[in-house]
Amino acid sequence: MILYHGSSEIVEKPVYGFGSDKNDYGRGFYCTEKAELAKEWACPTVKDGFANKYEFDISDLNVLYLNKDGYNILNWIAILLDNRTFQKRSPISRQASKYILEEFLLDISGYDVIWGYRADDSYFSYAKDFLNNVISVSQLSQAMKLGELGEQIVLMSPNAFDKIKFIDYEIADGSIYNAKRTERENRAKRAYLDNHGADFSINPDDLYVRDILTGQVKNDDPRLR
């Protein structure tokens with residue numbers, strides 16, 4: 001498969017163990033299948049960046065597909081809570097964070113690759129709304145599909161790093177792709193605001209974080225599928 005990594009630098013040889021451990025899934029090499037997304041990720045400012053292009057042999061690797069059957073949105077939230085910094089200003093968000101970590105955190109140590117949502121600012125704000133009992137599990141799942149913010153493929157193990165080969169790079173014009181990045185984020189935020197309280201489907205079986213806490217909902221609860 002072909003992967004792209006957006007960066008301020010040309011990265012010909014990704015190095016295992018390099019980078020921050022405060023990213024979505026911890027320390028790893030974060031990629032996408034879409035060159036345009038990589039160019040946007042490469043341009044957090046108007047400075048030019050690079051979409052590094054790679055060939056990646058994913059066969060025989062142990063891959064955690066967070067968005068596929070067998071896992072639920074709270075597994076993703078738990079991994080974020082374990083790695084990213086959340087400001088937990090309310091008692092319910094503090095209790096919810098503790099409970100979700102205890103009941104829904106997956107052991108990701110044995111995986112070579114993690115494939116799942118990327119916690120852009122918008123996705124991160126949806127997660128915080130959920131923890132504060134503002135939106136339900138089903139509404140959170142719907143929100144994650146807004147704005148086409150994309151998924152990420154993260155190389156986590158030495159074995160995965162051995163399977164990636166640099167092909168080339170494309171320059172990302174910061175004056176173009178920073179604006180595209182901002183517009184994609186704004187489009188997701190507008191869709192969320194337009195839908196929240198209006199077009200989000202609501203039913204009596206919707207689970208809010210307060211329901212999860214009071215009902216001691218577990219990871220195998222069918223309402224989370």
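Colleague: Outline the environment of Gly 28, supporting the account with residue identities and numerical values.
Modeller: Locating Gly 28 in the fold gives a position in the loop between strand E1 (2-7) and strand E2 (29-31). By relative accessible area, Gly 28 is classed as buried at 17%. C-alpha of Gly 28 to C-alpha of Arg 89: the two residues are 61 residues apart in sequence and 29 Å apart in space. Once you skip the residues sitting within four places of it in the chain, Gly 28 turns out to touch Phe 18, Val 154, Leu 155 and Met 156.

Colleague: Describe the pattern of salt bridges, and please don't skip the residues or the numbers.
Modeller: One pass over the full model with this rule turns up eight salt bridges. The salt bridge involving Asp 24 is made with Arg 84; its shortest N-O contact spans 2.4 Å. Taken together, the residues span a long stretch of sequence, with Asp 24 in the loop between E1 and E2 and Arg 84 in the loop between helix H2 (73-83) and helix H3 (91-104) at a distance of 60 residues. Under the relative-accessibility criterion, Asp 24 is labelled buried at 6%.

Colleague: Describe the layout of surface pockets, naming the residues involved and giving the relevant values.
Modeller: Vacant regions in the atomic arrangement are exposed by a probe of water-molecule size rolled over the atoms. By volume, the second largest pocket amounts to about 410 Å³. Forming the boundary of the second largest pocket are 21 residues, of which Ile 73, Val 137, Ser 141, Leu 224 and Arg 225 lie nearest the centre. In terms of residue count, the dominant contributor to the lining of the second largest pocket is helix H5 (residues 137-143) (three residues).

Colleague: Requested: an account of the pairing of strand E5 (residues 113-117), with residues and values cited.
Modeller: For E5, the tally of buried residues reaches five of five residues, placing the bulk of the element in the interior. With three bridges joining them, strand E4 (residues 63-65) and E5 adopt parallel strand pairing. Directly across from Val 63, in E5, lies its bridge partner Val 113. Pairing of E5 with strand E6 (residues 151-155), which is carried by five bridges, proceeds in the antiparallel orientation. Residue pairing in the sheet places Gly 116 in a bridge with Gln 152 of E6.

Colleague: Could you give an account of the nonpolar core, naming the residues involved and the relevant values?
Modeller: Within the largest apolar cluster, 43 residues are counted, with the highest numbers of intra-cluster contacts made by Trp 76, Ile 77 and Phe 130. Counting only elements with at least two residues in this core, the list comes to H2, H3, E5, helix H4 (121-131), H5, helix H7 (174-195) and helix H8 (209-214). Contacts of Phe 130, omitting those with residues within four sequence positions, involve Leu 74, Ile 100, Ile 135, Ser 136, Val 137, Leu 140, Leu 207, Val 209 and Ile 212. Ranked by size, the runner-up nonpolar core spans 15 residues in total, among them Leu 3, Phe 29, Phe 56 and Val 63.

Colleague: If you had to explain the packing of aromatic side chains to someone new, which residues and values would you point to?
Modeller: Tallying each qualifying case throughout the model produces eight aromatic pairs. Between the aromatic rings of Tyr 25 and Tyr 30, the centroid separation amounts to 6.5 Å while the plane-to-plane angle is 25°, which identifies the pairing as stacked. The two residues Tyr 25 and Tyr 30 agree in class, both being buried. Ring plane angle 55° and centroid distance 6.3 Å describe the contact between Phe 29 and Phe 161, whose orientation is recorded as tilted.

Colleague: Lay out a nonpolar patch on the surface with the relevant residues and their values.
Modeller: A cluster of nonpolar residues, Ile 10, Tyr 169 and Ile 171, forms a patch on the protein surface that exposes about 260 Å² of accessible area. Assignment of secondary structure puts Tyr 169 in strand E7 (residues 164-172). Classification of Tyr 169 as partly exposed rests on a relative accessible area of 34%.

Colleague: Outline H3, supporting the account with residue identities and numerical values.
Modeller: Residues three or four positions apart in an α-helix share a direction because the helix packs 3.6 residues into each turn. In this model H3 runs 19 Å from its N-terminal to its C-terminal C-alpha over 14 residues, within 8% of the 20 Å that 1.5 Å per residue would give. Every buried residue belonging to H3 is among Ile 92, Ser 93, Ala 96, Ser 97, Tyr 99, Ile 100 and Phe 104, and all of these are buried.

Colleague: How would you explain the sheet that holds E5 if you had to name every residue and give the values?
Modeller: With mixed pairing, four strands are arranged side by side in an open sheet as E2-E6-E5-E4. Only two strands of the sheet have a single partner each, and these edge strands are E2 and E4. For this sheet the average axis-to-axis angle between neighbouring strands, irrespective of direction, equals 20°.

Here is what the cut-offs are and how they apply
- Residues numbered from 1 in each chain as written.
- Predicted model: local features only at pLDDT ≥ 70, side-chain atom pairs only at ≥ 80, totals over all residues.
- Heavy atoms only, no water.
- Helix = DSSP H or I, 4+ residues; strand = E, 2+ residues; numbered from the N terminus.
- Buried < 20%, exposed > 50% of the residue type's maximum accessible area, 1.4 Å probe, protein only.
- Contact = heavy atoms within 4.5 Å.
- Salt bridge = Lys/Arg side-chain N within 4 Å of Asp/Glu carboxyl O.
- 1 Å grid on protein atoms, 1.4 Å probe; cavity = no way out; pocket = protein on both sides within 12 Å on 5 of 7 lines; lining within 4 Å.
- Points joined across faces, edges and corners; volume = space filled by probe spheres on them.
- Pairing = 2+ DSSP bridges.
- Core = buried A, V, L, I, M, F, W, Y, C linked by side-chain atoms within 4.5 Å.
- Phe/Tyr/Trp six-rings, centres within 6.5 Å; stacked < 30°, edge-to-face > 60°.
- Patch = residues over 30% accessible without salt bridge, like charges linked within 9 Å, V, L, I, M, F, W, Y side chains within 5 Å.
- Areas by Shrake-Rupley, 256 points an atom, 1.4 Å probe, with all protein chains shown as cover.
- Expected span 1.5 Å × (residues − 1).
- Axes fitted to C-alpha atoms, helices over the stretch in contact; angles between N-to-C directions.

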